Amino acid sequence: MQENTSISRETILDLISEISPMARDYIEKTFGNAIVLYAQSSKDGQGVFLKAPSEDLCVYYAHFLDDSSSTLLNTISEELSSTSASPLELCFNVHGKNKRIIKLIQSKGYVLDMEGYVLRYSASTPFDIDMGELETGVFMPFMRDDFVALFDAAYERLNVENGWDTKSYSKKAEHFCRRLSELYERQSMQSFWYKGVLVGSYIVDESYITDIVVHPSFQSKGYGSLMLKHCICFMREKKGVSDIYLRVTKSNSGAKRLYERNGFCVISHFSEHTYQRKK
């Protein structure tokens, strides 16, 4: 790592981890190429602004207890101005509380992709789950339309709130079907049915729950909590995962409350951006 400060490697990784564990993993793997552009380690708190360039991508990270320093903001401004013409894809991941930095980078042409939280489950496994009338089921290609309708409907409100495509699954139905087939073969997804009707599903990837959805027609009936508990047991017993993680958008406060009621705790707050080049 190239650096202009004596801030330690572990301190940097800990600060990046508070943006997200995935960010920490990425920096840990690319640590030799990372460049610290500004750092703070004093009685007023710690903070780091760094970039991790690669062959076709440059990712910036920033996390400060107090982001009001004019020196810090000028450093970020000058760096982003100098790289605006770069051919690389440019991304900027910030701790969600650093509102001044977020305002600055957005003024420089960076567009918000997603703001939210990473939560972790480290408690004991919830045994003796009574699924009631819910039944687990298989995935077969002829079920494609059921799953497309489920995922489009379950994510519709969230997509509208964030300005995202509300028909992303139906527009790529064939690709989605192939992905579900692969996930089912790898025992990385599970579906839940009520009297032959698809109620919900979850998808996992290593130690992460990437999706857990309930059709709006079956929401507010306790099915989300049942599916979440089933997923925790599945990951613990079938996958051997001890700490379980998931991401939730800031706007999806209902889901965040559901996870917290079921033993998940917030461990990081992220705000992810991508540079939007002028056409």
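For every chain, the first residue of the written sequence is number 1, and numbering continues from 1 onward in sequence order. Residue-level local features of this predicted model are given only where pLDDT is at least 70; pairs of side-chain atoms are given and counted only at 80 or more, and the full residue set underlies all totals for whole chains, interfaces and linings. The basis for every side-chain value is the complete set of non-hydrogen atoms in the structure, without hydrogens or water.

Novice: In this structure, what is going on with the nonpolar core? I would like to understand it.
Specialist: For soluble globular proteins, nonpolar side chains are generally found buried alongside one another. In this text, buried Ala, Val, Leu, Ile, Met, Phe, Trp, Tyr and Cys residues form a nonpolar core when linked through side-chain atoms within 4.5 Å. When a residue's accessible area, from a 1.4 Å probe over protein chains only, is under 20% of the maximum for its type it is buried; when over 50% it is exposed; and in between it is partly exposed. By size, the foremost hydrophobic cluster in this structure holds 29 residues, and its most contacted members are I209, M235, I244, Y259 and F264. Numbering of helices and strands runs from the N terminus; a helix is a DSSP stretch of H or I covering at least four residues, while a strand is a stretch of E covering at least two. At the level of secondary structure, the elements contributing two or more residues to this core comprise β5 (110–121), β8 (197–205), β9 (208–214), α8 (223–237), β10 (244–249) and α9 (253–261). Residues contacting F264, with those up to four places away along its chain left out, are L119, R120, Y121, I209, L228, I232, I244, L246 and Y259. Counting 23 residues, the second largest nonpolar core, distinct from the first, contains I7, A23, A52 and Y208. By definition, residues are in contact when any of their heavy atoms lie within 4.5 Å.

Novice: Is there a simple way to think about the side chain of E115 in this case?
Specialist: By secondary structure assignment, the location of E115 is in strand β5. Pairing of N or O atoms within 3.5 Å defines a polar contact, subject to two protein rules: one partner must be a possible hydrogen donor and the other a possible acceptor, and residues neighboring in sequence count only if both atoms are side-chain atoms. Here K99 takes part through its side chain, which lies 3.2 Å from a polar atom of the side chain of E115. Looking at E115, its side chain comes within polar contact range of the side chain of H269, at 3.1 Å. Beyond its immediate stretch of four places on either side in the chain, E115 contacts G96, K99, T249, K250, H269, F270 and S271.

Novice: What is the right way to look at the pairing of β10 in this model?
Specialist: Taken residue by residue, a regular strand's side chains alternate between the two faces of the sheet. The element β10 is largely enclosed, with a buried count of five among its six residues. One ladder, built from six bridges, connects β5 with β10; its direction is antiparallel. From the neighbouring strand, Y121 faces β10, where its bridge partner is I244. At least two DSSP bridges between two strands are needed for those strands to be called paired. Bridge count between β9 and β10: two bridges; the pairing is parallel. Its bridge partner being in β10, I209 is matched across the sheet by L246. Once the chain exits β9 it traverses α8 before rejoining the sheet at β10, and the crossover so formed is right-handed. The path from the first strand over the helix to the second decides the hand: if it runs clockwise while the strands point away from the viewer, the crossover is right-handed.

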